[in-house]
Amino acid sequence: MPDMLHDEPPEGDLSYQRICVVGGGAWGTALASVAKHAGRDVSLWCRNAQTAQAISERGENPSYLKGISLAEGIRATTDMAQALQGAEAILLITPSVSIREMTRAIAPLAPLDCPIFTGAKGIEAGSGLLMTGIMAEETPGRTIGAISGPTFAVETAADQPTAVTIACTSGLVEPSAMAAARMAATLTTDSFRPYISNDLVGVEIGGAVKNVIAIACGMLHGAGYGENLRAALITRGLAEIKELAVAMGGLRETVTGLSGMGDLMLTCSSPKSRNFSYGTQRGSGLSEEQVFDGRPVVVEGRTNAVTVTDLARSKQLHMPICEMVRSIVSDGREIGEAFADYWSSPIEGEPRAINFKIPHPASSAAHHRYGRGRE
Ligand SMILES: NC(=O)C1=CN([C@@H]2O[C@H](COP(=O)(O)OP(=O)(O)OC[C@H]3O[C@@H](n4cnc5c(N)ncnc54)[C@H](O)[C@@H]3O)[C@@H](O)[C@H]2O)C=CC1
Ligand SMILES: O=C(CO)COP(=O)(O)O
């Protein structure tokens, strides 16, 4: 079996010419526009008929990317069979909770040699499966992949320079990483720059966990804490991602790449992130019902705080920042109290492999300062 990452690259045009994007939200629309800019024939399945009409007729998605001119010629439709007709590769870009149901809808309509890549970032509740794990279960034998990285849809759709990592399983038809390389060639433009990886697990773990860390950063930013703390959370968050990725069979190196550190840096420091923004609003005192003025917004880290920590617990791993977020969003703990617990946990080694642990000597002072006792 050829190994795309070590053998001579194949000659000729690797690109898939006919792409179907499933999901007419912000990221699906942005990727459809990238593929169109790259010269592909692009169809886009949308749930909403008005959105599909606006994209096809005006080149705009007013619901998710208002005011941004998309590449011309995207064929948007609400008819899944029509959208998938003739597709050589599929991008499945709906929220993580819908990936199983959407894969079930797609699989009977797309031949087995048509790979599916997802851009959803998360872990499934109950099964603990990554997105590609769900997809592989629902459509066995097919090449399945992921696209991940520091990518705000609003910037990508506006043709701002964006880099991603693409990885895939081997499937029955194409050798490992070949489909990832083909998808990279398919989506490359003068502004969109893909890299390929042979570590699908590492790529996906980064995307799933960074959203939880971004909520933590947002909450403490919203509560008035400074940049020092944010840098500490990002760095210690990266350590949590690394430990989980390695426990799942991923590589440390992947976690320091675009889909790990890159996405973590982006999401933990920008109000353009829904996860960071949700955290900021909660940290500034808004309730769960009040955030985003009550609008339903996809905040993957809110559900994934539970799925990530469930998975970590099942591997006997402790992810203290993710546990802190879980205790707030799922168990209703007060933010200051949860932070005080985290911040006054035992002093330990960095990395934690340094086997050192002593009780925090100023634990009760920290609780007094940050928890309910604070003035
Ligand atoms: N927006 C961004 O900047 C980026 C988002 N992502 C990831 O992409 C995934 C999708 O996010 P967005 O496109 O931003 O969300 P969005 O909220 O902009 O759009 C979600 C889309 O999925 C559809 N949808 C919602 N629930 C559905 C269901 N149960 N079944 C079928 N379709 C459903 C909606 O109609 C909408 O078209 C998420 O996992 C997110 O983390 C990844 C990279 C960048
Ligand atoms: O994944 C993203 C950027 O890479 C989008 O982040 P949010 O879901 O927090 O908006």
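Residues numbered from 1 in each chain as written. Chains lettered and ligands numbered in written order. Predicted model: local features only at pLDDT ≥ 70, side-chain atom pairs only at ≥ 80, totals over all residues.

1. Quick look at the overall build of the chain
Tallying secondary structure elements over the chain gives 16 helices and ten strands in all. The C-alpha atoms of the chain give 21 Å as radius of gyration, which agrees with the globular expectation for 375 residues (21 Å, within 12%). Expressed as lengths along the three principal axes of its C-alpha atoms, the size of the chain is roughly 65 × 45 × 35 Å. Looking at the chain as a whole, 52% of its 375 residues qualify as buried. Sequence separation of at least 24 residues holds for 70% of the intrachain contacts in the chain that already meet a minimum separation of 6. (Helix = DSSP H or I, 4+ residues; strand = E, 2+ residues; numbered from the N terminus. Rg over C-alpha atoms; globule rule 2.2 N^0.38 Å. Buried ≥ 20, exposed ≤ 12 C-beta atoms within 10 Å, placed from the backbone. Contact = placed C-beta atoms within 7 Å.)

2. Comments concerning the nonpolar core
Counting 112 residues, the largest nonpolar core has V22, I90, I213 and A216 as the members making the most contacts within it. It is helix α8 (residues 200-222) that contributes the most residues to this core, 14 residues altogether. Both domains that meet at this core, namely domain 1 (18-198) and domain 2 (202-370), each give it at least three residues. Beyond its immediate chain neighbours, meaning those up to four positions away, I213 contacts L233, I234, G237, L264, C268 and I321. (Core = buried A, V, L, I, M, F, W, Y, C linked by C-beta atoms within 7 Å. Domains from an automatic or database assignment.)

3. Section: the site of ligand 2
As a structural note, the neighbourhood of ligand 2 is formed by 13 residues, with T151, D263, S273, R274 and N275 the closest of them. When residues of the shell around ligand 2 are traced back to their parent elements, those giving at least two are α8, α11 (258-267) and α12 (274-283). The residue inventory of the shell around ligand 2, partitioned by class, reads four nonpolar, five polar and four charged. Residue assignment places the shell around ligand 2 across two domains, with domain 1 (18-198) and domain 2 (202-370) each supplying three or more. (Near = placed C-beta within 6 Å. Nonpolar A, V, L, I, M, F, W, Y, C, P; charged D, E, K, R; others polar.)

4. Some remarks on α8
Between the first and last C-alpha of α8 there are 34 Å, a value that for 23 residues agrees with the 33 Å anticipated at 1.5 Å per step. With respect to burial, α8 is a largely interior element, 23 of its 23 residues being buried. Remark: G224 follows α8 within two positions and exhibits a positive phi of approximately 105 degrees. (Expected span 1.5 Å × (residues − 1).)

5. Topic: the site of ligand 1
Among the 24 residues in the neighbourhood of ligand 1, the closest are listed as G25, A26, W27, S98 and A153. By residue number, the principal contributor to the shell around ligand 1 is helix α1 (residues 26-37), which donates three residues. Taken together, the residues that form the shell around ligand 1 break down as ten nonpolar, eleven polar and three charged.

6. Points about α1
If you check α1, its first and last C-alpha atoms are 17 Å apart, about what twelve residues at 1.5 Å a residue would give, namely 16 Å. Within the sequence span of α1, burial applies to A26, W27, G28, T29, A30, L31, A32, S33, V34, A35 and K36. A positive phi of about 95 degrees marks G39, the residue just after α1.

7. Description of the pairing of strand β7 (residues 162-168)
Buried residues dominate β7, accounting for six of its seven residues. Here strand β6 (residues 144-148) pairs with β7 via four bridges, running antiparallel. Paired with A146 across the two strands is A167, which belongs to β7. Across five bridges, β7 lies against strand β8 (residues 192-196) in parallel orientation. The residue bridging T165 from the neighbouring strand is Y195, located in β8. (Pairing = 2+ DSSP bridges.)

8. Structural notes on the UniProt feature "binding site: sn-glycerol 3-phosphate" (unreviewed entry) in the chain
Sequence positions flagged by UniProt for "binding site: sn-glycerol 3-phosphate" (unreviewed entry) are, in local numbering, K121, G149, T151, K210, D263, S273, R274 and N275. Assignment of secondary structure puts K121 in the loop between β5 (116-118) and α5 (131-138). Contacts of K121, omitting those with residues within four sequence positions, involve S96, S148, G207, A208, N211 and E300. With respect to the element layout, N275 can be found in helix α12. On the neighbour-count criterion, N275 (27 C-beta atoms within 10 Å) is buried. Aside from chain neighbours lying at most four places away, what touches N275 is N211, A214, I215, G218, T267, V299, E300 and G301. (UniProt positions renumbered as here; feature names shortened; annotations may be inferred.)

9. Notes on the UniProt feature "binding site: substrate" (unreviewed entry) in the chain
With numbering matched to this structure, UniProt assigns "binding site: substrate" (unreviewed entry) to K121, R274 and N275. Spanning 155 residues, the named residues nonetheless gather at one spot, since no C-alpha pair among them exceeds 13.0 Å. Among the residues examined, K121 registers 27 C-beta atoms within 10 Å and is labelled buried. Relative to the helices and strands, R274 is located in helix α12. The class of R274 is buried, set by 23 C-beta atoms lying within 10 Å. Leave out the neighbours within four places in its chain, and R274 touches V297, V298 and V299.

10. Things to note about the domain arrangement of the chain
Domain assignment breaks the chain into domain 1 (18-198) and domain 2 (202-370). A straight line from the C-alpha centre of domain 1 to that of domain 2 covers 28 Å. Each partner contributes to the interface: domain 1 provides 24 residues, whereas domain 2 provides 25 residues. Counting only elements with at least two residues in the side of domain 1 that touches domain 2, the list comes to α5, β6 and β7.

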